[in-house]
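Summary of structural features
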Amino acid sequence: MSKHPNKEIQSAIEYAKSKAFTVEQGGSHCWGQMYCPAERTHLDCQGGAHCITSILSTPKNPENHAKRLRKIVDRCIFFGSSKDEGNNNDEKREK
Amino acid sequence: MKSVKNRKKETYAFEVLFRLQSPDEDPATHIGALLAAGCDDATPGIGRKGYLLLSFDREAEDALGAVCSAIEDAQQAMPQAQLVEVGPDLLGVSELAFLLGQTRQNIRHLMQIHAKNLPEPVRAGVGQTSASVWHLSDLLRWMSTFRSVDPLLLAVAQTSKLINMEYAAWRLAQQMPQKQVRKAHRLVQKLYPAHA
């Protein structure tokens, strides 16, 4: 896989991969897609809305796009870095 | 007083959810049109069948301008798609905690010590706060009485609530006889007159 032309977005992609997201290159009008590690759509995770996130080749503001990608990874209830102490069994799933 | 020209632009972060014409439609087919319509400041998200979420980071002079232009641009790119809702608006304790970079326990604790002015949830969860849903703007206004709140976040929260409620009122008006809508409107105005 070749690197994303923008350093910040490439860094966000690497962050996503480090959190068990799968990143695939290619697709129409995008650089690629990032796939959440969960096996199916989970409505209680971000409304089931970011199972697949499009990574743009030339977003208007690459820095914002990179931040967004990181935010989506962080919000992921299965492997993301949600800040929580204590009772999480209704949200976290063991792999 | 001279009017302020060239108001400073800020970046507003918000989400617009669309329902596609058919549940089997591939949301990715719209990306080209969205980019062409000026939505290259959005990050598309796909998950639930038949839905497309656009997470915008849009520069504008104010939140209302940012959100309205985003909806218009996206709708133009996808004329058959239907607006569902704008966010951040409705949320529970967990999402609020994430949004503010806090723990749920932290937020629940704040709700206990500042219980007096805690706003009514839109829907109260059975038993405790865990399942309750609030308007983010209501919670942020409550929070601003005891700590500083990001003004940009408050602005998008208020704008999201406003648009969602306007949209809901419009949809309702399509379903109910005009007479009933007017009567309900008059009742509310009579019981709760607008502030001077």
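Whatever comes next refers back to the structure up there.
Throughout, residues of each chain are indexed from 1 in the direction in which the sequence is written. Chain labels run from A onward and ligand labels from 1 onward, assigned in the order the entries are written. Local features are withheld for residues below a pLDDT of 70 in this predicted model, meaning they are given only at 70 or higher, and side-chain atom pairs are given and counted only at 80 or more; totals for whole chains, interfaces and linings count all residues. Side-chain metrics in this entry use all non-hydrogen atoms of the structure; hydrogen atoms and water are not considered.

**Observations concerning the overall build of chain B**
Runs of E in the DSSP output that reach at least two residues are strands. Runs of H or I that reach at least four are helices, and both are numbered from the N terminus. Regarding its fold elements, chain B presents seven helices and six strands. Along chain B, helices (α) and strands (β) appear in the sequence β-α-β-β-α-β-β-α-α-β-α-α-α when read from the amino end. Principal axes of the C-alpha set define a box for chain B whose edges measure 50 × 50 × 45 Å. Burial classification: accessible surface area is computed with a 1.4 Å probe over protein chains only, and a residue below 20% of its type maximum counts as buried, one above 50% as exposed, and the rest as partly exposed. Split into buried and exposed, the 196 residues of chain B put 41% on the buried side. Of the contacts formed within chain B by residues at least 6 apart in sequence, a portion of 66% connects residues at least 24 apart. Here, Shrake-Rupley sampling with a 1.4 Å probe gives the accessible areas, and only protein chains in the shown set may cover a residue. If you sum the accessible surface of chain B, you get close to 11700 Å²; carbon and sulfur atoms cover 54% of it. His is not counted, nor are the chain ends; Lys and Arg add positive charge and Asp and Glu add negative charge. By convention, the point assigned to a charge is CZ for Arg, NZ for Lys, CD for Glu and CG for Asp. Of the side chains in chain B, 22 bear a positive and 20 a negative charge, and the two mean positions are spaced by 12 Å. Note on contacts: a residue pair qualifies if any of its non-hydrogen atoms lie within 4.5 Å across the two residues.

**As for the packing of helix 3 (residues 93-100) of chain B against helix 5 (residues 136-143) of chain B**
All names here are of chain B. Look at helix 3 against helix 5: their axes get within 12 Å of each other, and the N-to-C directions meet at 60°. As judged from the angle between their axes, helix 3 and helix 5 are oblique. Here helix 3 runs over helix 5; the crossing is right-handed. Contacts from Leu-96, Leu-99 and Leu-100 of helix 3 reach helix 5 at Leu-136, Leu-139, Leu-140 and Met-143. Comment: axis = line fitted to C-alpha atoms, over the contacting stretch for helices; angle = value between 0 and 180 degrees taken between N-to-C directions. The scheme is simple: roughly parallel for angles under 35 degrees, roughly antiparallel for over 145, roughly perpendicular for 65 to 115, oblique for anything else. Crossings are classed by handedness, with left-handed meaning an anticlockwise turn of the near helix from the far one by less than a right angle and right-handed meaning a clockwise turn.

**With respect to empty space enclosed by the protein**
Space inside and on the surface of the protein is sampled on a 1 Å grid over the protein atoms alone, with a cavity defined as a set of points where a 1.4 Å probe fits but cannot get out and a pocket as an open set with protein on both sides within 12 Å along at least 5 of 7 lines; lining residues have an atom within 4 Å of a point. Grid points are joined across faces, edges and corners, and a volume is the space filled by probe spheres set on the points. A complete count under the given rule lists four cavities of 30 Å³ or more for this structure. When its volume is computed, the second largest cavity comes out at roughly 50 Å³. Taken together, Pro-59, Lys-60, Asn-61, Asn-64 and His-65 of chain A together with Asp-40, Asp-41, Thr-43 and Asp-57 of chain B form the lining of the second largest cavity. Its residues placed into classes, the lining of the second largest cavity shows one nonpolar, four polar and four charged. Residues are grouped as follows: Ala, Val, Leu, Ile, Met, Phe, Trp, Tyr, Cys and Pro are nonpolar; Asp, Glu, Lys and Arg are charged; every other residue, Gly included, is polar.

**Let's talk about the pattern of salt bridges**
Residue and element names in this part refer to chain B. Counted as salt bridges are all cases of a side-chain nitrogen of Lys or Arg within 4 Å of a carboxyl oxygen of Asp or Glu. Scanning the entire structure with this criterion turns up ten salt bridges over all chains. In this structure, the salt-bridge partner of Arg-141 is Asp-138, at a minimum N-O distance of 3.0 Å. Of this pair, Arg-141 and Asp-138 both sit in helix 5, separated by three residues, roughly a single helical turn. Here Asp-138 makes a salt bridge to Lys-161, at a shortest N to O gap of 2.9 Å.

**Considerations on the environment of Asp-74 of chain A**
All names here are of chain A. Within the secondary structure layout, Asp-74 lies in helix 2 (residues 62-75). Along the sequence, Asp-74 and Ala-16 sit 58 residues apart, while their C-alpha atoms lie 8.8 Å from each other. Engagement of the side chain of Asp-74 in a polar contact is seen with the side chain of Tyr-15, the distance being 2.4 Å. Nitrogen and oxygen atoms within 3.5 Å of one another constitute a polar contact, given that in protein one can donate a hydrogen and the other can accept it, and given that sequence-neighbouring residues count only through two side-chain atoms.

**Describing the sheet that holds strand 1 (residues 10-19) of chain B**
Whether two strands pair comes down to DSSP finding at least two bridges between them. Within the open sheet, the seven strands sit side by side as 1(A)-2(A)-3(A)-2(B)-3(B)-1(B)-4(B). Their pairing is antiparallel. With partners counted over all chains shown, the strands left at the sheet margins are strand 1 (22-25) of chain A together with strand 4 (82-87) of chain B, one partner each. Going from strand to strand, the sheet's axes swing by 25° on average, the running direction of each strand aside. When strand 1 of chain A meets strand 2 (residues 32-35) of chain A, the two strands line up antiparallel, connected through four bridges. Across the sheet, residue Glu-24 of chain A finds its bridge partner in strand 2 of chain A, namely Gln-33 of chain A. Strand contacts of helix 2 (residues 63-77) of chain B: strand 1, strand 3 (51-60) and strand 4 of chain B, with the helix running at about 40° to strand 1 of chain B, the strand carrying the most contacts.

Nothing here speaks to function; it is all geometry.
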